[in-house]
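Topology and contacts: notes
What follows is the residue order along each chain.
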Amino acid sequence: QVQLVESGGGLVQAGGSLRLSCAASRSIFSFNSMGWYRQSPGKQRELVAGITSGGSTNYAASVKGRFTISRDNAKNTVYLQMNSLKPEDTAVYYCNAIRSWGEYTYWGQGTQVTVSS
């Protein structure tokens, strides 16, 4: 059973920064891709940023230039550096991992990010 454990959420003022971490219980080399999603009340869960095993990244248009996804293979951890935060970034952020080209999908428990104006 794969576990993904997020940390780093919290309350921050608009314009501030946070760094989210997602620690996996197995080598992240085993995942085809990992990513961060978010969900706010009344909205669907949306992809924020993703990173493949080869290091390619993609971002939602709303966060491009402000957020950076990265990975530390030695620590089996994926990060999301969030800068210039806006109130509309407020959501529960979830870590996601995909293995065997989508045959297996894993989710973390989520971490709350609240940005005050």
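Shown above is the structure to which this text applies.
Residues numbered from 1 in each chain as written. Predicted model: local features only at pLDDT ≥ 70, side-chain atom pairs only at ≥ 80, totals over all residues. Heavy atoms only, no water.

Scanning the protein chain from terminus to terminus reveals 0 helices and 11 strands. Taken against the 2.2 N^0.38 rule, which gives 13 Å for 117 residues, the C-alpha radius of gyration of the protein chain at 13 Å falls within 12% of a compact globule. For the C-alpha atoms alone, the extent of the protein chain along its principal axes is close to 40 × 25 × 25 Å. For the protein chain, the proportion of its 117 residues judged to be buried stands at 43%. Relative to all contacts within the protein chain whose residues are 6 or more apart in sequence, the contacts with residues 24 or more apart total 54%. In the structure as shown, the protein chain presents an accessible area of about 6,100 Å², 47% of it carried by carbon and sulfur atoms. Measuring between centres, the 11 positive side-chain charges of the protein chain sit 3 Å from its 6 negative side-chain charges. (Helix = DSSP H or I, 4+ residues; strand = E, 2+ residues; numbered from the N terminus. Rg over C-alpha atoms; globule rule 2.2 N^0.38 Å. Buried < 20%, exposed > 50% of the residue type's maximum accessible area, 1.4 Å probe, protein only. Contact = heavy atoms within 4.5 Å. Areas by Shrake-Rupley, 256 points an atom, 1.4 Å probe, with all protein chains shown as cover. Lys, Arg positive; Asp, Glu negative; His and termini not counted. Charge placed at Lys NZ, Arg CZ, Asp CG, Glu CD.)

Glancing now at the environment of Thr-57. Mapped onto the elements, Thr-57 comes out in strand E6 (residues 57-59). Excluding its chain neighbours within four sequence positions, the residues that come into contact with Thr-57 are Gly-50, Ile-51 and Ile-69.

With that settled, the discussion passes to the pairing of strand E5 (residues 46-52). Relative to E5, strand E4 (residues 33-39) runs antiparallel, the two sharing 6 bridges. Across the sheet, residue Trp-36 finds its bridge partner in E5, namely Ala-49. With antiparallel pairing between neighbouring strands as the criterion, E4 and E5 make up a hairpin whose turn holds 6 residues, including Gly-42 at a positive phi of roughly 80 degrees. Note that E5 and E6 share 3 bridges and pair antiparallel. Pairing of Gly-50 across the sheet is with Asn-58, part of E6. Hairpin geometry of E5 and E6 is characterised by an intervening segment of 4 residues between the two adjacent antiparallel strands and by a positive phi of about 100 degrees at Gly-55. (Pairing = 2+ DSSP bridges.)

As a further point, take the pairing of strand E9 (residues 91-99). With 7 of 9 residues buried, E9 lies mostly within the body of the structure. Note: E4 against E9, 7 bridges, orientation antiparallel. Among the inter-strand pairings, Ser-33 is bridged to a residue of E9, identified as Ile-98. Alignment of E9 against strand E11 (residues 111-116), held across 3 bridges, turns out to be antiparallel. Within E11, the position partnered with Ala-91 by the bridge is Val-113. When E9 meets strand E10 (residues 104-107), the two strands line up antiparallel, connected through 4 bridges. For Ile-98, the partnering residue across the bridge sits in E10 and is Thr-105. Between E9 and E10, which follow one another and run antiparallel, lie 4 residues, and Ser-100 among them has a positive phi close to 55 degrees.

If you trace the 4 strands from one edge of the open sheet to the other, you get E1-E3-E8-E7, paired in antiparallel fashion. Taken across any chain shown, the strands that pair with only one partner, and hence form the sheet edges, are strand E1 (4-7) and strand E7 (67-72). Recorded for the sheet is a direction-independent mean angle of 15 degrees between the axes of neighbouring strands. One ladder, built from 6 bridges, connects E7 with strand E8 (residues 77-82); its direction is antiparallel. Pairing of Ser-70 across the sheet is with Tyr-79, part of E8. (Axes fitted to C-alpha atoms, helices over the stretch in contact; angles between N-to-C directions.)

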